[in-house]
Amino acid sequence: RLELRAARWIAQFAVEHTLTDGMKAVDCTMGNGHDTLFMASLVGPHGHVDAFDVQKEAVASTQALLEREGMTERVSLHLAGHERIQEFVKDPVNMIVFNLGWLPGGDKSRTAMWKPPRRAVAAGLELLVPMGVMSVCVYPGHAEGEKERQGLAAYFSSLPPRRFNVLRHTFINAIDAPECFLIQRQLP
């Protein structure tokens, strides 16, 4: 039975249907580490995940989760902003995930600002392998989230369709509902 589901579900669906053993992925907003752990389980023992966050509590939480699940060898954690992705990730990747907004369960006054994600998204698109996928979830229920949503929509609309396919998933009858953008790099 079909059930229409929210932005996070479609992002997770994309991750699950993109990553397999031996692939490389990036979690640009590790939060509490659940996406990082999920990607680490999918890339298997031969793959690798790089994860970024600027909050020490996010890195500590993710580290503890990975240790409990025996996945630390598959992941490199970076206490750094995702706009620095190209400093740490040198090889092409199959999947990049952004969950913009705030740390789940954390201080909601500490939100992502629009300019760093814009730089990180642009840099990340250049790291994607052909047919690689980027997922960007945005939460427009606060001022910066609305700026991110508008900025991302404009930026993604400007991408050349011969290089990228862009899907925008949103509920049009819900105010301030989270949105997910899925971007796939095209074959050369």
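Let me sum up the structure you'll find in this document. Since the model is a prediction, treat every value here as computed from it, not as a measurement.

Basis of the calculations
Residues numbered from 1 in each chain as written. Predicted model: local features only at pLDDT ≥ 70, side-chain atom pairs only at ≥ 80, totals over all residues. Heavy atoms only, no water. Helix = DSSP H or I, 4+ residues; strand = E, 2+ residues; numbered from the N terminus. Rg over C-alpha atoms; globule rule 2.2 N^0.38 Å. Buried < 20%, exposed > 50% of the residue type's maximum accessible area, 1.4 Å probe, protein only. Contact = heavy atoms within 4.5 Å. Areas by Shrake-Rupley, 256 points an atom, 1.4 Å probe, with all protein chains shown as cover. Lys, Arg positive; Asp, Glu negative; His and termini not counted. Charge placed at Lys NZ, Arg CZ, Asp CG, Glu CD. Expected span 1.5 Å × (residues − 1). Pairing = 2+ DSSP bridges. Axes fitted to C-alpha atoms, helices over the stretch in contact; angles between N-to-C directions. Salt bridge = Lys/Arg side-chain N within 4 Å of Asp/Glu carboxyl O.

### Re the overall build of the protein
Counting its regular elements, the protein contains 6 helices and 7 strands. Of the regular secondary structure in the protein, the N- to C-terminal order runs α-β-α-β-α-β-α-β-α-β-α-β-β. In terms of C-alpha radius of gyration, the protein reaches 15 Å, essentially the compact-globule figure of 16 Å for 188 residues. Looking at the protein as a whole, 49% of its 188 residues are labelled buried. Contacts in the protein between residues far apart in sequence, at least 24 positions, make up 72% of those at least 6 positions apart. Element-wise, carbon and sulfur atoms account for 54% of the exposed surface of the protein, whose accessible area totals about 9,700 Å². The protein carries 20 positive and 21 negative side-chain charges, and their two centres are separated by 5 Å.

### Focus: helix α6 (residues 143–157)
A rise of 1.5 Å per residue sets the reference length of α6, with its 15 residues, at 21 Å; its end C-alpha atoms lie 21 Å apart and thus fit the reference within 8%. Buried within α6 are the following residues: Glu144, Gly145, Glu148, Arg149, Gly151, Leu152, Ala153, Tyr155 and Phe156.

### A word on the environment of glutamate 16
The topology assignment puts glutamate 16 in helix α1 (residues 7–16). Sequence separation of glutamate 16 and phenylalanine 38 is 22 residues, and the distance between their C-alpha atoms is 8.5 Å. Ignoring sequence-local partners within four residues, the contact set of glutamate 16 consists of Phe38 and Leu42.

### Considerations on the sheet that holds strand β4 (residues 93–99)
Pairing is mixed in the open sheet, where 7 strands are placed in the order β3-β2-β1-β4-β5-β7-β6. The open sheet terminates on both sides in strands that have one partner only, identified here as β3 (75–79) and β6 (164–169). Between one strand axis and the next, the sheet turns through 10° on average, direction left out of account. Across the face of the sheet, α1 comes into contact with β4, β5 (128–138), β6 and β7 (179–185) while running at roughly 25° to β7.

### Quick notes on the pattern of salt bridges
Here the structure, examined in full by the defined rule, presents 7 salt bridges. Measuring nitrogen to oxygen at the nearest pair gives 3.6 Å for the salt bridge that ties arginine 74 to glutamate 73. Of the residues examined, arginine 74 reaches a relative accessible area of 14% and is grouped as buried. Judged by its relative accessible area of 54%, glutamate 73 falls in the exposed class. For glutamate 146, the salt bridge goes to arginine 149, with nearest N and O atoms at 2.4 Å. Here glutamate 146 and its partner arginine 149 are both found in helix α6, 3 residues apart, which amounts to about one turn of the helix. For arginine 149, a relative accessible area of 18% puts it in the buried group. Connected via shared salt-bridge partners are Glu146, Arg149, Arg168 and Glu179.

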